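# Tertiary structure, described
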Amino acid sequence: MVTYIIRRLIQAVFILLILTFIVFGAVRLLPGDPLLMFLNATDIEALSPEALDQARHELGLDRNLVVQYGIWLGDILQGDWGKSLHFKNANVLQMIGQRMPVTIHLGVLAFFFSSVIGITLGVIAAVRRGRWADTVATLLANTAITIPIFWLGIIMMLVFSVELEWLPVAGYTPINEDFWLSTRKLIMPVICLMIGSLGAVARLTRTSMLEVIRQDYIRTAWSKGLRERAIVIKHALKNSLIPVITVMGLQVRFIFGGAVLVEKVFAIPGMGRLMVEAVDGSDYPVIQGAVLVIGIIVVLTNLIVDISYGWFDPRVRYE
Amino acid sequence: MTLLTVENLKTYFHTDFGLVKAVDGVSYEINEGEIVGIVGESGCGKSVTQLSTLQLITSPPGMIEDGKVIFDGRNLLDYPANGPEMRSIRGGKIAMIFQEPMTSLNPTLSVFQQISEMLSLHLQMDKETQRKRAIELLTQVGIPDAKRRIDDYPHQFSGGMRQRVMIAMALSCNPKLLIADEPTTAVDVTTQAQLLLLMQNLVRQYHTSLIIVTHNLGVVARYAQRIYVMYAGRIVESGSCDDIFNQPKHPYTIGLLKCVPRLDEEEDRRLVPIEGLPPNLINMPPTCAFLPRCPYKIDRCREEPWPALKPVGNQQVACYVDTKLTVQ
Amino acid sequence: MKRFIMALFITVLVVGIFLGSCGEPEETTTAPTTAPTSAPTSAPTSAPTSAPTSAPTSAPTSAPTVTPQYGGVLRMITPMDPTVLGYPAESAGRATYYQYAILERMIIYAPDVWQNQNYQGILATSYTFENDMKTWTFQLREGVKFHDGTDWNASAAKWNFELRKEAGNSTTFNSMESCNILGPHTVQINFSSPANTFEVELATGIYFISPTSFENAGTTQEERIDWARGHPVGTGPFKFVEAILGDHVTYERFDDYWAGKPYLEGVEFIIVPDATTSKNMMIAGEADAYIYSEFKETLELEAMDGFYARYCKHHTPEGIWPAALEPDSHMYDKKVREAIEYAIDREAIIAAISLGSPEVEIMYQAPIPGDPAYRPDFGRHYDLNKAKQLMREAGLENGFETTIYVRSITGRWADMALFVQAMLAEIKITVNIEMINPGQYMTYLLFGWPADTLFISGIPNEPISNFVAARDYACSPAGVPKWNYSTVQTPEMCALWNELKAATSPEATRAAYVALSHQAMDDAVGIYMMDWPDTAVFADYVKDCDWIAYSTKVWNANTTWMAPH
C-alpha cells in the first residue's frame, strides 16, 4: 500500500510536469501580448520597441521556452510563484491562497451534498423500485442532470432573493467571519454547482444498487433476519458504491469546471473566475500557478479515489 | 414431534411472459432432528419452496398465493414478509445455506462481520463474546487457524472453505431448522462429501433438523431419512429414503434413479438419462407435467388433470399408472 | 410517461417564473427623481491663466430642499477589478475609477468641459504656462493633508513629478527637464518640448501620493513601488482600507479632508462580473449603485421604481475601422473606404441594438456637436447607389473578401458585425467575422491590423478633442507602436498632425486640431457610427452623486450622501 502510494505520487509528479509544461507552452501560443494589454493612453508612445523588449527581457519572456519553464519550475520549488502581469502587486501564490479556499469551500459543500443527496435518492429509487418514491427520485435525478446551471442560478436568484428575499443575491463571506451569512450566501451557488453531479450520482447509484440487490449475498443477508435498513446500508450500499466512487472522482473536475460559471453568476471570488480572467488577460504566471494547483488537486483526488476502492472493495489489491 | 409443516404452498411469479406456477400446492413436513431431502431437477421449484417458507421471495414478481407454513405451532405466512416476527425466525430459528458459496457471502465484509451480525441480532452477544463464538464456530466447521482467518474476506477462502463459513454462519444461532439449498453443487466431489458429513455431524450435535435441497439423489441417499421428489412445482413422490431407493413408484423417480450410479448394483448397468427436457413452467397445461417425457403414460394421463398424491405402499405418489406392473 | 411528467413539471416551472418576473418591469412609472446635483460651481476660465477659484467640492447647489445627511456606506457594484491603486505611473487605463475617491489630481474636468474645454482646480488652485507651453507653474492648494497626516506642498508635488519621470513610461515626463520649488505652495516644471496635452494628462491620469508613506515603505525602490501598488495614500475624501481581488474594495471616510468631512462613512465597491446578478442585487437592496452597468440592465432598472439611471455621453464613440496602411491594399483607396461607409445603414443598426433607448445617438463624424471641428452638414449617409458607384470607380465592382474583427467583450458588437456583413454583401464585399480576445485586440491595435481587414470597437474619447486627435491620427513610422484605430496616414494628415504636435499655444493647438480633424474626416479614416453612453444606476436615496454626471473621469465622492432608506 505504502509502496503503491509512493509510486503513484512519483507518477503524479511526472503528470504535473507534463501538464504544466503543456500549459506553459500553450499560453504563450495564445494570441495577444500580455505586456500590451493594460496600458494607459499616455504611456503608449513611450513604449518604443526597445522599451517593450526591455520589459520582456526583465520578465524573462524573451528566452527559450524550455529555459523559461526551467526557471519557472525552479522558482516554484523555492516558493516563488511569480507575480501577476495584470495585478502588478499581486503575488500569484497569495492570489491562489486567497481564491483557493473559496472554491474549496464551495466545492467541498457541493461535493458533499451531491454525494449524500445523490446516493440517498439513488438508494431510495432502487429499494422502492417501481413505486412512487422511485418515480419521484428518478424524476428529480433526471431533472437535475438536464437543468442548465446558468438558468437555474438566475431563476433561484429571482425567486429566493428578489421575490422572497430569503437569501442574499450574491457574494461570498468566509465561514470564520460569519458562519450564518456565509452559509446563506452559499446555498444557491452550492445547489447550482452540485445539481448536475447529484443527478449523475443518483442515477448511477440506482442502477448499481438494483444490480447489487439481486445478488446472492443480499438474499443471504435477508435469510439472516436483518432489517431492511441494515441490509441496504451494510450489505448493499458499500457494494453498489464501487462504480459510484469512480464517478464521484470525476465530479471533482466538473466542480472546478462548474465553478467558472457559478462563481461568475454569484460573484464569488474563487479559482474559476481567477482562471478565466487570467486566460482572458494572458496572465501567464497566474494561469500557470492555477493550473499547477488544480492539477495537484485533481491528481490527488484520483489517488484518493483509487485508494478508497480498497476500502469499499477488499478484493482490490495495490501492487 | 413435527417441527415444520408446509401445507398446500403455492408461489406464483407474475412475469411479463405469463404466470409461472413455480410452487403449486406443495405440502411436506419435517420432524425435530430429522434430515429430509427434497430432490428434483433444476427449475422444478424446490428452491422457491424453501425461500417461500421464509418469505424470501422477491416480490414483485413473486407472490405466495396460498398455503400454510406451520412452524412451532404458528403459521409463518400470517406474518408480514419483513416484519419483526419473520426476522426473528430467519437466521434465529430457521437458517439457510445457499448453493453458490462464491456469491452468497458478501465480498465487502469480513467473515467475522458476517457471522457476528447474526450473533448480535439474535443472541444479543457483546463484541468479545461474538468473537469467541465466531472463532469456535469456524473451528467447528473445520477452518484451520480460525483465530487468524476470522478477519479475512470471503475472496481469501476457497469455495469449500466458504461453504464451511456459510455453515458456521447458519448454525451460529443454534437454529431449529437448517435448510441447505444445493449446498454442495458448486464444489468438487471430495469437498462435497466432507461438507455433507460435517453438516450431518453438526445437526446431530445440535439436534437441528435439516432439509437438503438437491438435484442429486446420490447426495440425499446417504444422509436423509425421508425424501420428497419434486417435479414442475409439485411433489410427485415422497417416502422414506430406503423405500424410494428400493421401490420407486413415480415414473420420474424411476427415471432419476436410472441416472444415478450405484455401488451396490450389478455391473455394466447403463446410466439412462430421462428423455426430453424439463417443462417450461409458463402457462402449463392442466395435465401431468411429466407426461411428455413419461415412458409409462396411459390414455388417462392425457385426459385427466394431474393426479394428487395418494398412498401407494409406504409412499405417497402422484400418478395414475401402477408402475410396479410395468417396470421391467 | 415519466418523461411527460418531467416535461410538464419543467413547463409549469418556467411559465411560473416568467409570470413571476414579468410583474415588475411592466409597472413603469416615473423613473429618475431629483436631478443629480450638478457638480461644483467653479468658475473655470479659459486656459492661459486658468485659476479655478472655488473648491470643486463646495456644496452642490441644485438640490435646494434637502439637507445632506452624514452616515452610511455607499455600496457600488462594478464588474471590474482594480489593478494598480497607489502607484500612479502604473494606473492602468480601464479601472482607474477606483482612485477617484482616494487619490486626487491637480485639476479635473469642469462640468462644461465638453462645451468649453474647462478645468477646475483640486490640488492646484491656479496654474500658468509660458515659453511655448514648455514651462508650467502651479499654485497649490493650502491646508491639504495626505491620509498619513503629512502636508501636500510644493516638495510633495515635485517628488511626485520626479517619481513619474523615473518610471519612464510617459512621453510628457520623459521630456521633463527640471522641477523647481518656487515657494512652499508653488512649483514649476520645465519641459524640453511643448507640452500641449499636459492639462488633459493632469486632469485624467496624474494622481498624487504621499511621499512620506512611500519612502518609509521599504529599503529599495522596488520594494517601495511594490508596496505602493497596493497601498494608495493620497489626499482624497476617503482612505483606502482593503482590496480583495474579485470580491470587494473598501474605503473609509477621511475626516481631515480639505473640503470638509465627507458625508459618507465609507465606500464599498462590490465586484460582480455578471450583469443579471448585478441587477438582482440592486433590486434586492444589496447595493446602492451599479456603475459601468450593462446597457440592457440599466434600461430595465431605470424602468423600475426606486432607481435612476445616468447616461454619460461622448466618452465612447463606436464604429468600424478599416486597415488601410498597406499601399497595395484595397482599403488604401479612399473610394473603397467611402463605399463601405455609404453601404452601411447606421440607423438600421442603431435601431436594432439600442433596445429602443434614445440615449444612443447616431454619429457621422468624430467631433461631437459643439466641438470646434464639428461640421453640421458633414457625413456619408447611407446611399447604396453611391457605394456601388464608388466601388466601380475603384475597379472593384466584383467586390473582394475581407475579415471583420470583433472583440468578444460585448455581444452587441457581434450583432453589429452581422449587420455589417449583410450590408457589405450588397456591394459584393464578402465579410468573414472573427472574434478576438483582448490580447489579440491590443496586439493588433498597437502594432497594426492585417491588411484589408475591418474591426469593430469603441474608441475612448476625451472632452479635449485635440488630445484624442493627436492620439488617433498619429503619424508614426512603421514598427513604432501607436493606437491604430485609424490606419489611414495621408501626407496631408501627417503634415497637420506634426503641426498639432508642435503647437505652442492653445490657439495654435486648436487651429491645428480643427484642420487635422477635418482632413481625417474627409479622408474617411473610419466609420464613426454611434455615441454609446457609459451608464450607471443609482438607488433613489443616493443624492448629489456626480459619478459620470458629465464625465467618466470625475467623481467628487465627498459630496455624495444617502437619504434614509
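Here the structure is a predicted model, which is why all the values come from computation and not from measurement.

On to helix H9 (residues 295-302) of chain C, then. All names here are of chain C. A large share of H9 lies buried, amounting to six of its eight residues. Of the residues making up H9, those classed as buried are Phe295, Glu297, Thr298, Leu299, Leu301 and Glu302. On its buried face, H9 sits against helix H8 (275-283), strand E13 (289-291), strand E14 (307-312) and strand E21 (534-539).

The next thing to look at is the nonpolar core. Residues Leu138 and Ile227 of chain B are the most contacted members of the largest nonpolar core, which totals 131 residues. Broken down by element, this core gets its largest block of residues, nine residues, from helix H9 (residues 228-265) of chain A. If near-sequence neighbours (up to four positions away) are discounted, Leu138 of chain B is found in contact with Val111, Ile115, Ile143, Ala146, Ile150, Val165 and Ala168 of chain B. In terms of nonpolar packing, the next biggest core, distinct from the first, is built from 122 residues, Val102 and Leu198 of chain A together with Ile340 and Trp497 of chain C among them.

The next subject is the interface of chain B and chain A. Facing 27 residues of chain B, the contacting portion of chain A comprises 19 residues. When the two sides are added together, the surface that chain B and chain A hide from each other amounts to roughly 2,200 Å², 57% of it contributed by carbon and sulfur. Contact with chain A buries surface across chain B, with Arg87, Thr108 and Glu117 of chain B losing the most and accounting together for 26% of the total. Counting across the chain B and chain A interface gives two salt bridges. Two residues, Lys234 of chain A and Glu117 of chain B, come together in a salt bridge whose shortest N-O distance is 3.1 Å.

On to helix H14 (residues 438-447) of chain C. For H14 of chain C, every residue scored as buried is listed here: Gly439, Gln440, Tyr441, Met442, Leu445 and Leu446 of chain C. Tucked inside the fold, the buried residues of H14 of chain C contact helix H10 (271-280) of chain A together with strand E17 (401-407), strand E18 (430-436) and strand E19 (454-458) of chain C. Two or three places before Gln440 of chain C, at the start of H14 of chain C, stands the capping residue Asn437 of chain C, its side-chain oxygen 2.7 Å from that residue's backbone nitrogen. Once H14 of chain C finishes, Gly448 of chain C follows within two positions and takes phi at roughly 105 degrees, a positive value.

Attention now goes to unusual backbone geometry. Positive phi values are uncommon outside glycine, yet Asp72 of chain B reaches one of about 55 degrees. Positive phi, close to 55 degrees, is recorded for Tyr292 of chain C, a residue that is not glycine. With respect to the helices and strands, the residue Tyr292 of chain C is situated in the loop between E13 and H9. The exposure class assigned to Tyr292 of chain C is partly exposed, which follows from its relative accessible area of 24%.

The rules we used
Within each chain, residue numbers correspond to sequence positions counted from 1 in written order. Written order decides the labels, with chains lettered from A and ligands numbered from 1. Selection of residues for local features in this predicted model requires a pLDDT of at least 70, selection of side-chain atom pairs for listing and counting requires 80 or more, and totals for whole chains, interfaces and linings are taken over all residues. No hydrogens and no water enter the side-chain calculation; it runs on all heavy atoms of the structure. Residue burial is assigned from relative accessible area. The probe radius is 1.4 Å, only protein chains are included, and a residue is buried under 20% of its type maximum, exposed over 50%, and partly exposed in between. Strands are runs of DSSP state E lasting at least 2 residues, helices are runs of H or I lasting at least 4, and numbering of each runs from the N terminus. Any two residues whose heavy atoms approach within 4.5 Å at even a single point are treated as in contact. Residues belong to a common nonpolar core when they are buried Ala, Val, Leu, Ile, Met, Phe, Trp, Tyr or Cys residues joined through side-chain atoms within 4.5 Å. Using a 1.4 Å probe, buried area is obtained as the accessible area two parts lose upon being combined, added over both of them. In the sections that follow, a salt bridge refers to a side-chain nitrogen of Lys or Arg positioned within 4 Å of a carboxyl oxygen of Asp or Glu. Any pair of nitrogen or oxygen atoms within 3.5 Å is treated as a polar contact; in protein, a donor-acceptor pairing is required on top of that, and neighbouring residues in sequence qualify only through side-chain atoms on both sides.

On their own, these measurements won't tell you what the molecule is for.
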